Amino acid sequence: MDIGRLKVDGATKFKLSRCAPDDTQGVSKDHAAKAMPAHVERLAALHDLLYAEHKRSLLIVLQGMDAAGKDGTIKHVMSGVNPQGCSVTSFKQPGTQDLDHDFLWRIHAAVPPKGSIGIFNRSQYEDVLISRVHALVPPAIWKKRYREINDFEKMLSENNVCILKFFLHMSSKEQRRRFDERLADPSKNWKASPADFKEREYWHQYQSAYQDVIEQCSTREAPWYVIPSDHRWFRNFAVGEIVVRTLESFKMHYPKGDNSSG
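Residues numbered from 1 in each chain as written. Predicted model: local features only at pLDDT ≥ 70, side-chain atom pairs only at ≥ 80, totals over all residues. Heavy atoms only, no water.

A. Up close: the overall build of the protein. Within the protein one finds 10 helices and 6 strands. Over its C-alpha trace the protein gives a radius of gyration of 19 Å, about what one expects of a compact globule, namely 18 Å for 262 residues. When its C-alpha atoms are laid out on the principal axes, the protein stretches across 70 × 45 × 40 Å. Counting across all 262 residues of the protein, residues that qualify as buried make up 48%. Sequence-distant contacts in the protein: of pairs separated by 6 or more residues, those separated by 24 or more amount to 82%. In the structure as shown, the protein presents an accessible area of about 13,500 Å², 51% of it carried by carbon and sulfur atoms. Computed over 38 positive and 33 negative side-chain charges, the inter-centroid distance for the protein is 2 Å. (Helix = DSSP H or I, 4+ residues; strand = E, 2+ residues; numbered from the N terminus. Rg over C-alpha atoms; globule rule 2.2 N^0.38 Å. Buried < 20%, exposed > 50% of the residue type's maximum accessible area, 1.4 Å probe, protein only. Contact = heavy atoms within 4.5 Å. Areas by Shrake-Rupley, 256 points an atom, 1.4 Å probe, with all protein chains shown as cover. Lys, Arg positive; Asp, Glu negative; His and termini not counted. Charge placed at Lys NZ, Arg CZ, Asp CG, Glu CD.)

Written out as structure tokens, the structure reads:
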């Protein structure tokens, strides 16, 4: 798989409309199914190294439209990770305490410590997505947040937090199919809500918002990866591959034990 095709380098003009949500780069479902257990096993070993070395942390940001598979990605890709060194934070509507601080306050509090993996199910980007689409704040407010987010992520990177940002790119047709699937399955229809269908009315506005988010906030320190997600199996395979390769790039080693007798 060519990871470079999924990574937005931030140096060239980006167009979300040119990214096909059903692209699999020629990878077969059978190949992905055979590779995933190895990904899970390798990720578990690398996470153990990350925890033991205790020099840096990994922050994984998952964004996408409703039903794009944020929960599913966490479940399948991270299934072998030791919960002792991994956290998942789902950012819902900010509460009173959150609103009494700057918009990044609650985000910073959830950044993983050294030796850990942190996963954000939605993130600081909600403040330039839903806030923009639903006009929760004036344009003058949300427009400056791109710069503030970039500065924040650069600061984290300089403090040994490696950031991977994944946009799970799904088509409107596939979203509707998954909504219908939820309604028909008793084990899934608890996830369906009238609000989900209402948000579909803003599909094009959200696509424009994501276009700007990815174009303006894909940096060397914190790049965006646009993951074709119409096929769940490719989504999981691609994210797993990127996470494993990133951790391998750290060239980690177990620390030497203190064998002194005292």
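From this point, the discussion proceeds with the structure in view.
B. The arrangement of the side chain of Gln63 in detail. Assignment of secondary structure puts Gln63 in strand S2 (residues 57–64). When its relative accessible area of 0% is taken as the criterion, Gln63 is described as buried.

C. Layout of the state of the cysteines. Under the counting rule described, the total for this entry stands at 0 disulfides. Here Cys19 stays unpaired: no disulfide links it, and the sulfur of Cys217, its closest cysteine neighbor, is 16 Å away. Between Cys86, a cysteine without a disulfide, and Cys162, which holds the nearest cysteine sulfur, the sulfur-to-sulfur distance is 14 Å. Since its relative accessible area comes to 23%, Cys86 is described here as partly exposed. (Disulfide = S-S within 2.5 Å.)

D. The arrangement of the pattern of salt bridges in detail. All told, the structure shown has 21 salt bridges when counted by the stated rule. For Lys188, the salt bridge is made with Glu181, and the minimal N-O distance between the two is 3.6 Å. The partly exposed category is assigned to Lys188, whose relative accessible area is 29%. Assessed through its relative accessible area of 25%, Glu181 is described here as partly exposed. Among the ionic contacts, a cluster of salt bridges with common partners joins Glu174, Arg177, Arg178, Glu181, Lys188 and Arg232. (Salt bridge = Lys/Arg side-chain N within 4 Å of Asp/Glu carboxyl O.)

E. Just the packing of helix H6 (residues 139–158) against helix H9 (residues 203–217), in detail. Contact geometry for H6 and H9: axes closest at 10 Å, N-to-C directions at 45°. Considering their axes alone, H6 and H9 lie oblique with respect to each other. The chirality of how H6 crosses H9 is right-handed. Judged by residue contacts, Tyr146, Asn150 and Glu153 of H6 engage Asp212, Val213, Gln216 and Cys217 from H9. (Axes fitted to C-alpha atoms, helices over the stretch in contact; angles between N-to-C directions. Parallel < 35°, antiparallel > 145°, perpendicular 65-115°, else oblique. Left-handed = near helix turned anticlockwise from the far one by under 90°.)

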